[in-house]
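Secondary and tertiary structure notes
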Amino acid sequence: MESLLYGLFNTMASSWPIWLGAAVFVLAAGFTGAPLLVWLAGAAIIMWGFAAPVWAWSALGIIALFFAVKPVRKYTVSNGVMKLMKALNFLPVISQTEQTAIDAGTVWVDGELFSGKPDFKRILNETYPELTAKEQAFLDNQVEKLCEITNDWEVFQNRDLSPETWEYLLKERFFGLIIPEEYGGLGFSALANSAIVAKLTSRCGPLSTTVMVPNSLGPAELLIHYGTDEQKNYYLPRLAAGDEIPCFALTEPNAGSDAGSIQSDGVVFKDKDGSIKIRFNWEKRYITLAAISTVLGLAFKLRDPDNLLGKGTDPGITCALIPTNTPGVVLGKRHDPLGVPFYNCPTNGKDVVVPADVIIGGVEGAGKGWKMLMECLAAGRGISLPASSAGGTKALLRVTGAYAAVRKQFGLPIGKFEGIEEPLARMAGYAYILEAARVYTCGALQQGAKPAVVTAIAKYSFTETFRKVVNDSMDVLGGAAISKGPKNMVAHGYMSVPISITVEGANILTRTLMIFGQGAIRCHPYALKEIQALSNNDLNAFDDAFWSHIGHVVRNMFRSVLLSVSRGRLASSPVSGPAAKYYKKMAWTSATFAFIADVAMGSMGGALKIREKLTGRFADILMWMYLGTSVLRRFEAEGRKKEDEAFLHYSMQLCFSNIQEAFEGIFKHLEVPGLNWLFRGPVSLWSRMNTIGTAPGDKLAHIVAKSVQIPGEQRDRLTPGTYIAKQDSEPAAQLEKAFMLSVQAEDVARKIKDAVKKGILPRKKPFELIKIALDKSVISQAEFNLVMRAETERAEAIRVDDFTLDEYLKTAEVAWPTLDRSAKNSVKPEIKKVTETEGTPVLS
């Protein structure tokens, strides 16, 4: 036995160069994703070096025959695998509506992130757009003017925009932002549309919603892409001029997130005069602008019992435009979405009869409504709600940073306390991330891409982030944020957050089903091809997709392990400088994500679709990869500014810490038959020891938080496109003024503190020493005047609203009358109307 071991040791010792070469070859071939022929050639060389026996060469020959010779592989191995997958129903079944949704979108940089080996040169070459001179002028003039004439508090009190605001909206064609100039619209880009919504949101939420809706999914967009020439020529000029007010009715009591289950119907029939018409019946809810609309876009199921349109008896979901003055159309009621006063309404239709040419796209559009909706949403989700969330985030950051510098406790601005720095830094990091992703996403849309997964990421991540930002702002402003009134610049945003969370696909659905559910099929390089090959019983296509998929998994497994061990150092970066390490970490993240996603799909098959807690964590990783990629693109596009490095580091560390958290959840709950112990034990432990990212540190947070409490270019560049009130009567303008003066007065306070340390002044709070400091010539008269002005403005800026009892009752829609407390047997009083909220604006 000893001699046998001794001989084995000698053999290994003498052949160590071959062992080393074999190891290097395996790692290199796996890391680079070498094709099978390279693996076979490498194996042959290694076997020759070891003088392998005949049986080993025979085994290699069999492997080469059955896996490298395509005809043999296809009709033996691939055919067997295909039959087994069918028998086990291994891959998910895709319904027709799901297939339409998948086909509607395109794959953009999300495909790179899902690949496990992203092409960062391509990612950096994707456009990071800027507004045209015409678009910037509109933002600086018409949008600025619209913000000036709109008072957010009055909008909420009067439960509507003012007549002046409505008139200006129509006059300046705000409802025609996306309508081409040839039809009288403004013909603005996706970036301009987004920038306008963002700026309006920073002034008044209901105002931005009123502008947003006609320029997103609705009659105008559907007509632009799918309308007949006759429909375009009639409706688009009228919509652009405001002669028609549009709405689009999709949601129903039993068709919310599952919009494909709509029950509204339209039945085709031939009228007495021989003309083909449609009889509609519908019950819709949550329809913005419905109560004041003149043309109603309707999603419905079209039935044609006599096949009069030649599209079959059940063409399916279709879109139509119905004038709201048509008999049977019921409008006029409103919902009250958390007290936010924009027109959100139910609408019903009972036996509404109109000509068949109301179908968008004419007869050819019959049954294509779902495709139209999915294609438009694939782009539109990336504009409106992300813009409003980004605009709200930037506005709240300005308010919160200024307030933290103005508000004092214990003799210091509260922004100097680390407990306040923490949420301020978080808000600033989120603002940098959202603005990066907003512009980057719009760049894709302007190039004609319709990246459904990316826009779903944008809708979900932006609205969820804004919810966090609002909560942070509420925490910093404290009582000033919970006392409603004209001076409160946070409460209305806080009230409106759940609305954006809910619309255009509820966020729970978006995260658990759309981002990864569709992404795993649409963005994966081979999954959709495999599903289609199985459905079509196409052995040749399956053979190509399946074995390419196997090679993809092997490559990503090696990349994941080696990049993890090297902490990303083996990956390359397309840039040098402070951002380089983050490209390497992103490559590491992408490889691990792609490999583990394939492990999950391979072990669970179609059942993964209903494991929504798990798919939600995969969605989180894909989401934060995209947001991080947007940050990297922004940093490059803006010239790698030295002063932005802290925001780069904070944002990327925030992204990677969230990715780490999601990975830990996946490893803890991933179920792989026979390997649960591996992922929940060694892999999970290694992941926690060798983290992809941790939360930003305190020193970095201090730098970021401090920057938003200093007036100047840095703060302005962090919050571009935000409405900044100029009128002295405006609470926001008062806060900005107090902010400027308070920061200037800090230099005076430091002089006084130094004098106290030197014993020139007694130990008291700086403001209590201001007169003594002047008398002892520690400070000048000008400095004394500056401090007094700053204190006056500060007192006004931090003042909260209060009301007399009569004034307070007038702020409510309904109120209880005063109780006669002397009555011994009083009963519950009746509710008394205090203000009327009905009525519509003059639109003519």
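Each remark here, short or long, concerns the structure printed above.
A few points on the structure. Remember, predicted model here, so these are calculated numbers, not experimental data. All residue numbers refer to positions counted from 1 along the written sequence of the respective chain. Per-residue local features of the predicted model are confined to residues with pLDDT of at least 70, and side-chain atom pairs are confined, for both listing and counting, to 80 or more; whole-chain, interface and lining totals are unaffected and use all residues. Values shown for side chains rest on all heavy atoms present in the structure; no hydrogens or waters enter the calculation.

So, about the packing of helix H14 (residues 219-226) against helix H16 (residues 369-380). To obtain an axis, a line is fitted to C-alpha atoms, over the contacting stretch when the element is a helix, and the angle between two such axes runs from 0 to 180 degrees between their N-to-C directions. Secondary structure elements follow DSSP: runs of H or I no shorter than four residues count as helices, runs of E no shorter than two count as strands, and numbering proceeds from the N terminus. One way to put it is that H14 packs onto H16 with a least axis distance of 11 Å and a crossing angle of 105°. Judged by the angle between their axes, H14 and H16 are roughly perpendicular. Side by side, H14 and H16 meet where Glu221, Leu222, His225 and Tyr226 of the first sit next to Lys371, Met372, Glu375 and Cys376 of the second. Three classes are used: nonpolar for Ala, Val, Leu, Ile, Met, Phe, Trp, Tyr, Cys and Pro, charged for Asp, Glu, Lys and Arg, and polar for all others, with Gly counted as polar. The class makeup of the residues in the contact of H14 with H16 is four nonpolar, one polar and three charged. Throughout this description, any angle smaller than 35 degrees is read as roughly parallel, any larger than 145 degrees as roughly antiparallel, any in the 65 to 115 degree range as roughly perpendicular, and the remainder as oblique. Residue contacts are defined here by distance: any two heavy atoms, one from each residue, within 4.5 Å place the two residues in contact.

Turning to unusual backbone geometry, a few remarks are in order. Phi is positive for Asn537, close to 55°, though the residue is something other than glycine. Looking at the element boundaries, Asn537 is found in the loop between helix H23 (527-536) and helix H24 (539-565). Its identity as a non-glycine residue notwithstanding, Arg640 has a phi of 50°, on the positive side. Position of Arg640 among the secondary structure elements: in the loop between helix H26 (612-637) and helix H27 (645-669).

Candidates for patches are residues over 30% relative accessible area with no salt bridge; among them, like charges are joined within 9 Å and nonpolar side chains (Val, Leu, Ile, Met, Phe, Trp, Tyr) within 5 Å. Surface exposure here means Shrake-Rupley accessible area, sampled with a 1.4 Å probe, where a residue is shielded only by the protein chains that are shown. Here, a salt bridge means any Lys or Arg side-chain nitrogen found within 4 Å of an Asp or Glu carboxyl oxygen. Together, Ile550, Val554, Met557, Val561, Val565 and Trp686 make up an exposed nonpolar region whose accessible area comes to about 500 Å². Ranked by the residues each element gives to the nonpolar patch, the list is headed by H24, at five residues. Assignment of secondary structure puts Trp686 in helix H28 (residues 676-689).

Let us now look at the nonpolar core. The set of buried Ala, Val, Leu, Ile, Met, Phe, Trp, Tyr and Cys residues whose side-chain atoms join them within 4.5 Å is what this entry labels a nonpolar core. Partly exposed describes any residue whose relative accessible area lies between the buried limit of under 20% and the exposed limit of over 50%, with all areas from a 1.4 Å probe on protein chains only and scaled to the type maximum. Membership of the largest hydrophobic core comes to 125 residues, with the highest contact counts inside it found for Phe516, Phe593, Phe618, Leu622, Tyr626, Leu627 and Leu670. With residues up to four places along the chain from it excluded, the contact list for Leu627 reads Ile433, Ala437, Ser461, Phe462 and Cys655. Val155, Cys247, Ala291 and Ile322 belong to the second largest nonpolar core, which has 56 residues in total.

For the rest of this paragraph, the subject is the side chain of Lys74. Position of Lys74 among the secondary structure elements: in helix H5 (residues 70-88). In this view, Lys74 contacts Asn79, Leu539, Asn540 and Asp543; residues no more than four positions away in its chain are not counted.

In this section: the layout of surface pockets. Of the volumes computed, that of the second largest pocket is approximately 730 Å³. Looking at the second largest pocket, it is lined by 27 residues, and the ones nearest its centre are Glu435, Arg438, Glu638, Pro720 and Gly721. Of the residues forming the lining of the second largest pocket, the biggest block, four residues, is contributed by helix H12 (residues 190-201). Of the two site types, the cavity is a set of points on a 1 Å grid over the protein atoms alone where a 1.4 Å probe fits but cannot get out, and the pocket is an open set with protein on both sides within 12 Å along at least five of seven lines, each lined by residues with an atom within 4 Å of a point. Grid points are joined across faces, edges and corners, and a volume is the space filled by probe spheres set on the points.

This part takes up empty space enclosed by the protein. Taken as a whole, this structure holds two cavities of 30 Å³ or more when the rule is applied. Quantified by volume, the largest cavity comes out at close to 120 Å³. Surrounding the largest cavity, 13 residues form its lining, Tyr403, Ala480, Lys487, Ala797 and Arg799 being those nearest its centre. Along the lines of polarity and charge, the residues of the lining of the largest cavity split into eight nonpolar, two polar and three charged. If you trace the second largest cavity, you find it lined by Asp160, Leu161, Trp166, Pro206, Thr210, Pro341, Phe342 and Tyr343.

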